[in-house]
Amino acid sequence: MPTYTAPTRDARFVINEVLDLASYGNLPGFESATPDLVDTILSEAGKFTAEVLAPLNRSGDEQGCTRHLDGSVSTPDGFKEAYAQFVEAGWGTLTAPEEFGGQGLPHVVGFAMEEFISSSNQAFGMYPGLANGAVSAIIAAGSQEQKEKYLPRMIAGEWLGTMNLTEPQCGTDLGLIRTKAEPLDDGSYAITGTKIFISAGEHDLTENIIHLVLAKTPGAPDSSKGISLFIVPKVLVNDDGSLGERNGVVCGSIEEKMGIHGNSTCLLNYDGAKGWLVGEENKGLAAMFVMMNAARLGVGIQGLSQAEVAYQNGVTYALDRRQGRALTGPAEPGEKADPIFVHPDVRRMLMDAKAFTEGMRALALWTALEVDMTHRAADEKDRKTADQLVGLLTPVIKGYGTDKGYEIATNMQQVYGGHGYIREWGMEQFVRDARIAQIYEGTNGVQAMDLCGRKLPSKGGAAIQAFFKLVGEDVGAAKDDEALAPLADKLEKALGEQQAATMWFMQNAMQNPNNLGAGAHHYMHLMGIVCLGLMWLRMAKVAQEKLAGSPEDKAFYEAKLKTARYFFDRYVPDAGALRRKIESGSESMMALEEADFATAA
């Protein structure tokens, strides 16, 4: 049976030592986020996820959700009780605004909790995760009346929420949606249509579900410019806050999926359901993107989380399983065979996993801090810069993070050999659950195009130039340190590869847009390498400083430096190959005619 232990020590290292969260104590919401409080939160979160959620991961996968004849849905055994504990402990309130019952803590603390939840039980974590996104959208675009009516109950965990975008005929191209919103005399709208792939669309965890639904009003433009956003409760809410009649939305079926079986992914039928406009008519896409961007960062964390839990189990198995002898001679002569941990190819997979998970954790938590800065930085210029940086990093965290997360999960399955393919060992579930993260909330191809087609040129390239400057400054400072200089030199070279690839796009994408499309995936991975390189340079700097003071946990910091060297030796050289792929253009990729793809009889 697979196991999970929350990486609280590593999270504390990043939050308290690398990011130095305590130094932001003068900003709103940070004053109470002391190292002691953060340590307590991480410790308790680790216990809850390991002891309550992780034991339900496999059973929830095997049992799945059940739809009943009346359209209601039951979650797997134990989920309802676990959710009650989640609510009682206040885990869903960590970063929510105090105005509506939240604790108002920095997002960096919430991101750490999200990772622990998703590693222990990704399907469970999607229930409150979708609600967080819905809360973000209502905060950003809802009226004061809507905020007061829905947010306190959603933040408290009494109600959960969803996002309803996809329809049978459209996914990424939301301009094709057909769901209609007819205005009613009382100011509400009658919502009619079908939505598919709705995570947590129906369940028994809460008595109400607040759906956020994209639909088109009469006469709206027949494109994405004609989309409006509506709040559509599963159960109507009376003026006094009590629950009234059941609304006209019902689960038509539960999707039969490859993974995340413990989450009820539903087809929802809306038949004149009452809904209320959020924000302005025909401006729904902008409001929904607030929710989508929050969800995309959450999905990037899912890529990290599945890699982490798979890695933990891969290490355990590699230390226990005995096959063959070490190439340099028997490591344990008294045994008939050595642990597979001694074999370089197994070490390759384990080191790839360690370098990715620790680097990605640092990147996610740093980005979370920048999310906080978009709202809480003292200077308007700093808030603007942070917002641009978050926009730039979001598709990288989602796309690169989930591509690599899935790769790590499959590599850890590989460590198990044949046992990794057998259900009882649990590794195949990690692979199945990790796979969806590359697809939903915008496929990774869409993330790559968002990065290259929208984020790079936005506002004259202000965000990417700020990123280049930031990395360059860290590299310059590190090159003055004899111990860090070799790492800084390698990151500088990778940064140069990314800058050259960016310039190539500028020179070649306008005349042939396919050049951008053909290189976008590679550019996203190239930037992912530079981002993780920046994190590893920063972590190596802190580790080296700590070792100079003879810390108690010396082995932890020494392992950081060794893993940093591995990352720069084994990950960073790929930057050059990715640049060359980008600069090969689109000609050979687009050369074949459609008929050339057909298989000859």
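Residues numbered from 1 in each chain as written. Predicted model: local features only at pLDDT ≥ 70, side-chain atom pairs only at ≥ 80, totals over all residues. Heavy atoms only, no water.

Let's talk about the pairing of strand β7 (residues 228-233)
For β7, a buried count of six out of six residues is recorded, marking the element as mostly surrounded by other parts of the structure. By the alternation rule, side chains of β7 split into S228, F230 and V232 and L229, I231 and P233, which are all buried. Here strand β6 (residues 208-215) pairs with β7 via six bridges, running antiparallel. If you follow I210 over to β7, its bridge partner there is P233. With three bridges joining them, β7 and strand β11 (residues 265-278) adopt antiparallel strand pairing. For F230, the partnering residue across the bridge sits in β11 and is L277. (Buried < 20%, exposed > 50% of the residue type's maximum accessible area, 1.4 Å probe, protein only. Helix = DSSP H or I, 4+ residues; strand = E, 2+ residues; numbered from the N terminus. Pairing = 2+ DSSP bridges.)

Section: the environment of K554
Counting through the fold element by element, K554 comes out in helix α15 (residues 554-570). The exposure class of K554 is partly exposed, given its relative accessible area of 45%.

Some thoughts on the environment of S59
Positionally, S59 belongs in helix α3 (residues 57-63). With relative accessibility at 31%, the residue S59 sits in the partly exposed group. Residues S59 and H203 lie 144 residues apart in sequence; the distance between their C-alpha atoms is 17 Å.

A word on the pattern of salt bridges
Taken as a whole and judged by the stated rule, the model has 39 salt bridges. Across the salt bridge formed by E17 and R9, the nearest N and O atoms sit 3.3 Å from each other. For R9, a relative accessible area of 21% corresponds to the partly exposed category. Here R153 ties to E207 by a salt bridge, and the two come within 3.8 Å at their closest N and O atoms. Linking R153 in helix α6 (residues 144-156) with E207 in the loop between β5 (189-199) and β6, this pair joins segments that are 54 residues apart in sequence. Three or more residues are tied together by salt bridges with common partners; here these are D10, E115, E308, K354, E358, R361 and K560. (Salt bridge = Lys/Arg side-chain N within 4 Å of Asp/Glu carboxyl O.)

Here's the deal with the packing of aromatic side chains
Using the criterion set out here, one finds 21 aromatic pairs in the structure. On the basis of an interplanar angle of 75 degrees and a centroid distance of 5.3 Å, the ring pair of F13 and F556 is categorised as edge-to-face. With a gap of 543 residues between them, F13 in helix α1 (residues 8-18) and F556 in helix α15 connect regions that are remote in the sequence. Each ring, one from F567 and one from F568, has its centre 5.7 Å from the other, and the planes form 90 degrees; the classification is edge-to-face. Note on accessibility: F567 and F568 belong to one class, buried. Three or more aromatic residues joined by ring pairs form one cluster here, namely F48, F79, Y83, F86, W91 and F124. Lying over the aromatic face of Y406, R435 brings its terminal NZ or CZ to 5.4 Å of the ring centre. It is R538 that lies over the ring of W366; its NZ or CZ is 5.0 Å from the centre. (Phe/Tyr/Trp six-rings, centres within 6.5 Å; stacked < 30°, edge-to-face > 60°. Lys NZ or Arg CZ within 6 Å of the ring centre and 35° of its normal.)

Quick look at a negative patch on the surface
A surface patch of like charges, here negative, comprises E99, E145, E148, D239 and D240. Positionally, D240 belongs in the loop between β8 (235-237) and β9 (243-246). (Patch = residues over 30% accessible without salt bridge, like charges linked within 9 Å, V, L, I, M, F, W, Y side chains within 5 Å. Areas by Shrake-Rupley, 256 points an atom, 1.4 Å probe, with all protein chains shown as cover. Lys, Arg positive; Asp, Glu negative; His and termini not counted. Charge placed at Lys NZ, Arg CZ, Asp CG, Glu CD.)

Things to note about helix α11 (residues 444-455)
Count 3.6 residues to each turn of an α-helix, and residues three or four apart come out pointing the same way. By the burial criterion, the buried members of α11 are N444, Q447, A448, D450, L451, C452 and K455. Here the buried face of α11 lies against α7 (284-320), α9 (380-415), α13 (485-508) and α14 (513-547). (Contact = heavy atoms within 4.5 Å.)

So, unusual backbone geometry
Positive phi is not limited to glycine here, since D20 has a value of about 50 degrees. Of note, D20 is situated in the loop between α1 and α2 (35-53). For S550, which is not a glycine, the phi torsion comes out positive at approximately 55 degrees. Counting through the fold element by element, S550 comes out in the loop between α14 and α15.

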